[in-house]
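Results of the structural survey
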Amino acid sequence: AQSVTQPDIHITVSEGASLELRCNYSYGATPYLFWYVQSPGQGLQLLLKYFSGDTLVQGIKGFEAEFKRSQSSFNLRKPSVHWSDAAEYFCAVAPTSGTYKYIFGTGTRLKVLA
Amino acid sequence: DTAVSQTPKYLVTQMGNDKSIKCEQNLGHDTMYWYKQDSKKFLKIMFSYNNKELIINETVPNRFSPKSPDKAHLNLHINSLELGDSAVYFCASSRASGEKLFFGSGTQLSVL
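Here we summarise the structure given alongside this text. The shown structure was predicted, so the numbers you read here are calculated from the model rather than taken from an experiment.

Turning our attention to the sheet that holds strand β8 (residues 73-78) of chain B. All names here are of chain B. One open sheet holds the four strands; their spatial order is β1-β3-β8-β7, and the pairing between them is antiparallel. Bordering the open sheet on either side are β1 (4-7) and β7 (64-70), each of which pairs with just one other strand. If you compare each strand with its neighbour and ignore which way they point, the axes differ by 15 degrees on average. Here β1 pairs with strand β3 (residues 19-25) via four bridges, running antiparallel. In the sheet register, Q6 faces β3, and the bridge partner there is C23.

Quick look at empty space enclosed by the protein now. Residues and elements named next belong to chain A. One pass over the structure, following the stated rule, counts one cavity of 30 Å³ or more. The calculated volume of the largest cavity comes to roughly 40 Å³. Lining the largest cavity are V37, S39, L47, K61, F63, S84, D85, A87 and Y89. Class assignment for the residues of the lining of the largest cavity results in five nonpolar, two polar and two charged.

Conventions used here
Residues numbered from 1 in each chain as written. Chains lettered and ligands numbered in written order. Predicted model: local features only at pLDDT ≥ 70, side-chain atom pairs only at ≥ 80, totals over all residues. Heavy atoms only, no water. Pairing = 2+ DSSP bridges. Helix = DSSP H or I, 4+ residues; strand = E, 2+ residues; numbered from the N terminus. Axes fitted to C-alpha atoms, helices over the stretch in contact; angles between N-to-C directions. 1 Å grid on protein atoms, 1.4 Å probe; cavity = no way out; pocket = protein on both sides within 12 Å on 5 of 7 lines; lining within 4 Å. Points joined across faces, edges and corners; volume = space filled by probe spheres on them. Nonpolar A, V, L, I, M, F, W, Y, C, P; charged D, E, K, R; others polar.

Given below as structure tokens:
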């Protein structure tokens, strides 16, 4: 079955510390991969996406993610977290053709300590 | 200009009532979606329309009926509301399959 797993429900980091949010997927073939961020009371905003090519993807707000095919992972990283990064982060996959059916992980809530 | 706008932002209603949520996108996208986000933040696809044609219809009670009068609009009508319908409902659009989703800011539905 197709699924996206985000093992960490909550993560707390200090401002200025580095961050890594984990995402693993189960899919028939390599899908398109996304990270979205949701601030309180808002819709989701795209941080970055992987379609093909370079496995290290740069996104907005200083985020990057690395696709590892052998581990079926697409972890999100940021070298130095800012207080404004506190939000809910969602990993998602989408098929490379046809169905339009995006599958989201359950989200990781990031708390940033001053 | 808001790319994907949905109204209302908040909806509080009694059990058994019928309510609608409206969504409009000005991005020229062909595909629109309704997602339901529960209290644990889990996002689940409900429906998707491509050029006014229903292409995804997940296991959703038939009290929920989407309607797409044109490809820029996708409305959601809910009959006989139940307590379990309380959630945040997000409208989204995309240019094509696999392209990034643009989300509205959500409608928080509370059924009392």
